[in-house]
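# Understanding the architecture of this molecule
Each chain, letter by letter, is given below.
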Amino acid sequence: MRIKALFSLALSAALVLFSGCVNTETGHPVGGMPFTKDTITSRYEKPVPLLANATRIVLSRNGKLLMDNVVNNTFQAKINQRNVWVKVEDLDGKITVVSVQVRGSMGGDIDLAAEISKQIALQLMAAQNQ
């Protein structure tokens, strides 16, 4: 009887310790495993409007664009049943930072975040060559 009680106590303590909230790039907290890597950050010497436009195109091409906030240049999309958040922000007037965060039901998906970040860079280069 004591073993069952100890086991259930240990299990409930583990659930409390390993679950939590994670802040997204849009500033809203979501439930999930906080210990998984889920964000890729890239820096470009390009203006914010060019990167915001490239982000819109990439997110629309890969999935469904759910939110496009033009005030603070944050985006939310649903790609492959995963939530994707992208924030485009000016760092110092010359450098623009693009942060891509992807979370699925079991935690972060760093592979999809890297793929979206790479596609944004490629879309930016394709738009410049036209």
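Let us look at the structure shown here. (Residues numbered from 1 in each chain as written. Predicted model: local features only at pLDDT ≥ 70, side-chain atom pairs only at ≥ 80, totals over all residues. Heavy atoms only, no water.)

## Here we look at the overall build of the protein chain
Summing up its helical and strand segments, the protein chain has three helices and eight strands in all. Evaluated residue by residue, the protein chain yields a buried proportion of 32% over its 130 residues. When the accessible surface of the protein chain is summed, it comes to about 8,200 Å², and 59% of that surface belongs to carbon and sulfur atoms. (Helix = DSSP H or I, 4+ residues; strand = E, 2+ residues; numbered from the N terminus. Buried < 20%, exposed > 50% of the residue type's maximum accessible area, 1.4 Å probe, protein only. Areas by Shrake-Rupley, 256 points an atom, 1.4 Å probe, with all protein chains shown as cover.)

## Details of the pattern of salt bridges
Two side chains that carry opposite charge are able to pair once their charged atoms sit near each other. Under the criterion given, the structure shown has four salt bridges. The salt bridge involving Arg82 is made with Asp109; its shortest N-O contact spans 2.6 Å. Of the two residues, Arg82 sits in strand β6 (residues 82-90) while Asp109 sits in the loop between β8 (107-108) and α3 (110-129), which places them 27 residues apart along the sequence. Using a relative accessible area of 16% as the deciding quantity, one classes Asp109 as buried. (Salt bridge = Lys/Arg side-chain N within 4 Å of Asp/Glu carboxyl O.)

## Details of the nonpolar core
Where a protein is soluble and globular, its nonpolar side chains tend to be buried together. Counting residues in hydrophobic clusters, the biggest one holds 21 residues, and the most contacted among them are Leu59, Val84, Val86, Val98, Val100, Ile116 and Ile120. Counting residues per element, the ones that place at least two in this core are α2 (48-62), β5 (74-79), β6, β7 (96-104) and α3. Those residues in contact with Leu59 that sit more than four places away from it in its chain are Lys64, Leu65, Phe75, Ala77, Ile79, Val84, Val86 and Ile116. (Core = buried A, V, L, I, M, F, W, Y, C linked by side-chain atoms within 4.5 Å. Contact = heavy atoms within 4.5 Å.)

## Concerning the pairing of β6
In the case of a regular strand, side chains alternate between the two sheet surfaces. With six bridges connecting them, β5 and β6 associate as antiparallel partners. Looking at the pairing, Thr74 lines up with Lys87 of β6. Counted along the chain from β5 to the antiparallel partner β6, the turn is two residues long, and its residue Asn80 has a positive phi close to 50°. Direction of pairing for β6 relative to β7: antiparallel, over a ladder of eight bridges. Each residue of the ladder has a partner; that of Val88, found in β7, is Val98. The turn linking β6 back onto β7 is made up of five residues, and Gly93 within it adopts a positive phi angle of 95°. (Pairing = 2+ DSSP bridges.)

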